[in-house]
Amino acid sequence: MDFRILGPLEVRDGDRTLDLGGVKQRSLLALLLLAHGRPVATARLIDDIWGERPPETARKSIQKYVSNLRDSLGAGRIRTIDRGYAVQLEPGELDLGRFEETARSAAAAPARRAAMELRHAFALVVREPLADLRDQPWAETEVARLDELLLMTAEIRHDAELDLGGHRRLIPELEDLVAKHPYRERFLEQLMLALYRSGRQADALAAYRRGATRLRTDLGLEPSESLRALEERILNHDPLLTPRPQGPPWRLRTRPRYAKRLLALGTALAVAAAASLWIVTAGAQHRSTELGKRIVLLDTRDGKVIAQWPYRDYRFPWVTTGNGKFWLASFTNGFTEVDPRSGRILRRLLPPFGNATNLALPVGHSIWFTGRVGLARYDLRSNRVVARFTPFHPRQGFGLYGIARGAGSIWVASVEQNEVLRVNPRTGAVEARIPVPKPWWLANGAGGLWVSSDSEGLLRIEPTSNSIAAIARVPEPIDEVVVGNGFAWATNSKRGTVSKVDRTGRIAATYRTGRGAHEPSFSAGKLWVSNEREGSLTSIDAASGRRRTFRFGHRLGTEAALGRYVMFAITG
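Residues numbered from 1 in each chain as written. Predicted model: local features only at pLDDT ≥ 70, side-chain atom pairs only at ≥ 80, totals over all residues. Heavy atoms only, no water.

Peer 1: Help me understand the overall build of the chain, please; the structure alone is not making it clear to me.
Peer 2: For the chain, the count of helices and strands is 11 helices and 36 strands. Scored against the burial criterion, the 572 residues of the chain give a buried share of 56%. Within the chain, residue pairs in contact and separated by at least 24 positions form 50% of the contacts whose partners lie at least 6 positions apart. For the chain, the exposed surface amounts to about 24800 Å²; the carbon and sulfur share of it is 49%. (Helix = DSSP H or I, 4+ residues; strand = E, 2+ residues; numbered from the N terminus. Buried < 20%, exposed > 50% of the residue type's maximum accessible area, 1.4 Å probe, protein only. Contact = heavy atoms within 4.5 Å. Areas by Shrake-Rupley, 256 points an atom, 1.4 Å probe, with all protein chains shown as cover.)

So this is what it looks like as structure tokens:
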């Protein structure tokens, strides 16, 4: 069966195009396909399809749509998983999956093979992604992510074609892209290079002047350093701009510069616009201006915004910390390391499982990733994946999720296998399998490994015996768990609470922080929580219980704390 979203939503079974029903039923299928086989909660489907005021019949309508789709696709295609649904996809059945896999393969390939594979990838793109559903309220962010994926991959293909001497045939395409995306400087760089290599130096410089004028006039920005450097090199007839003769394929470079765009080591300074916020501390409220939809790096000591980035550049963000740095993951910009004091972007890399990546754990010189197809270790010194392990059945749809390190092992959660796996980080061998019903989040410390279970609450595993030593009946559903100051901390977004649990499983305290409490993080003796629906961040002093709240007036997403600094997303 062939599922297609790189164009209008379509499913083909051989020569037959299947009937997918009306716009809301098609929207449901699209949302499940975009999850790449991961479960999507019914509540999330209702929110996405109907917005903040769904009809009372919304849940029944979802059930009806699922039933209709099962009739069309086959009973086994859409599975009911806990409080939601997941679509069962075989390898290669989704055009987006084939596109992403080809792009990842091409990124590390020699120029000739990369260009050929990327041409084949773009042959899958019939029209605009989700062309028949782009006007639906839920589609805005998804469409932006898909559009960004296509544009980023186009940049990589152009670099490969330029390496092969295809500058003349690229000019019309690049001129069209520069006109459609006038602020995307990489397309302008590629056009300037293609024009210069075609003997059109004056046209290349004129293209630069037009682009620079647009940036200054429309955005008040100067051209990037790389654009200015390219202009200077063209003016000076830099011989390195001339394409090098290409030998046979086996003599081409195996690590071309376009591959490095996905595993980028470039540095950039995030310019912080003047901004502040409402701070509520112990009842005192301090006046400030309002922030828009973006990723924000905040100094909590004085409420100063150190840096901020447009949300459109980091769609579906998730923030974590490691090695004294922030790490910002997103569908549109890979995995980005950020200095907490300056906001400077230190490096970017592409997660090894692409959009099938679930979570990441930075540890020392490595980053461990869980995903739909297993466990991988990325080495930050060599900037490459150095190990891949598959400690579970690879045909499972969701794969591995929660991840933690402790007692000399890597611990991962397998939701579908209902177990926590203890993995040898050197060999990938499974050293223990601990049965846990529906495990999701893992955190190490405070007396052992803490696991959130969809049906059992919060569990502590004793590493010396690989057995469950304590169970805390904290309110469900648990959104996430972290450890700090000798306690485990679990959030419940539905109740807007945080539970503080000691190593025996006793709930030592419960704090109400606000509706949508989720994404807890612990740093410098404080527990931080993002209260999504309240539009606020709350810190709780682990020793005294004293709380401090930052209010923004908009919905908040991901959040992580590092000392006095907090990085978070304003999403609505």
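Peer 1: I tried to follow the nonpolar core on my own but got confused; where do I start?
Peer 2: Generally speaking, nonpolar side chains in soluble globular proteins are found buried as a group. Formed by 42 residues in total, the largest nonpolar core has its most connected members in Leu28, Leu33, Ile62, Leu73 and Leu130. No other element matches helix α1 (residues 23-34), which puts 7 residues into this core. Contact partners of leucine 73, with chain neighbours within four places excluded, come to Met1, Phe3, Val11, Leu18, Leu20, Leu29 and Ile78. Core analysis: the second largest hydrophobic core is formed by 40 residues, Phe369, Val415, Trp440 and Ala490 among them. (Core = buried A, V, L, I, M, F, W, Y, C linked by side-chain atoms within 4.5 Å.)

Peer 1: What is the right way to look at the pattern of salt bridges in this model?
Peer 2: Close approach of charged atoms lets side chains of opposite charge pair. Summed over all chains, the structure comprises 35 salt bridges. For aspartate 13, the salt bridge identified is with arginine 16, shortest N-O distance 3.5 Å. Between aspartate 502 and arginine 506 there is a salt bridge, and its shortest N-O distance comes to 3.0 Å. According to the relative accessible area criterion, aspartate 502 is buried, its value standing at 13%. (Salt bridge = Lys/Arg side-chain N within 4 Å of Asp/Glu carboxyl O.)

Peer 1: I would appreciate a short explanation of the sheet that holds strand β23 (residues 439-445) in the present structure.
Peer 2: Adjacent strands of a sheet form backbone hydrogen bonds with each other and so pair up, either parallel or antiparallel. On the basis of which strands lie adjacent, the open sheet formed by 4 strands has the order β23-β24-β25-β26 and antiparallel pairing. Of all the strands in the sheet, just β23 and β26 (467-472) have a single pairing partner and so form its edges. For this sheet, the mean angle separating the axes of adjacent strands, direction not counted, is 25 degrees. In this sheet, β26 lies alongside strand β25 (residues 457-462) in antiparallel orientation, the contact comprising 5 bridges. Bridging from a neighbouring strand, leucine 458 pairs with alanine 472 of β26. (Pairing = 2+ DSSP bridges. Axes fitted to C-alpha atoms, helices over the stretch in contact; angles between N-to-C directions.)

Peer 1: Looking at this structure, I do not really get a positive patch on the surface. What am I missing?
Peer 2: Together, Arg59, Lys494, Arg495 and Arg512 line one region of the surface with positive charge. Within the secondary structure layout, arginine 495 lies in the loop between β28 (487-492) and β29 (497-501). (Patch = residues over 30% accessible without salt bridge, like charges linked within 9 Å, V, L, I, M, F, W, Y side chains within 5 Å. Lys, Arg positive; Asp, Glu negative; His and termini not counted. Charge placed at Lys NZ, Arg CZ, Asp CG, Glu CD.)

Peer 1: Explanation requested: the environment of leucine 177 in the structure shown.
Peer 2: Among the secondary structure elements, leucine 177 is positioned in helix α7 (residues 167-180). Since its relative accessible area comes to 14%, leucine 177 is described here as buried. Between the C-alpha atoms of leucine 177 and alanine 154, which are 23 residues apart in sequence, the distance is 9.9 Å. Setting aside its immediate chain neighbours within four residues, leucine 177 contacts His158 and Phe187.

Peer 1: Teacher, can you tell me more about the packing of α1 against helix α3 (residues 58-73) here?
Peer 2: Axes are the key here: two packed helices are described by the angle between their axes and the distance separating the axes. Two numbers describe how α1 lies on α3: the axes approach to 10 Å, and their chain directions differ by 75 degrees. Classed by the angle they form, the pair α1 and α3 counts as roughly perpendicular. On the side of α1, the interface is formed by Lys24, Gln25, Leu28 and Leu29, while α3 contributes Ile62, Tyr65, Val66, Asn68, Leu69 and Leu73. (Parallel < 35°, antiparallel > 145°, perpendicular 65-115°, else oblique.)

Peer 1: How should I be thinking about unusual backbone geometry in this particular structure?
Peer 2: Most peptide bonds are trans, and most residues other than glycine sit at a negative phi. Going from glutamate 476 to proline 477, the amide bond is cis rather than trans, its omega being 0 degrees. Counting through the fold element by element, proline 477 comes out in the loop between β26 and β27 (480-484). Of note, the phi angle at alanine 524 is positive, near 50 degrees, even though the residue is not glycine. Relative to the elements of secondary structure, alanine 524 occurs in the loop between β31 (517-523) and β32 (526-531).

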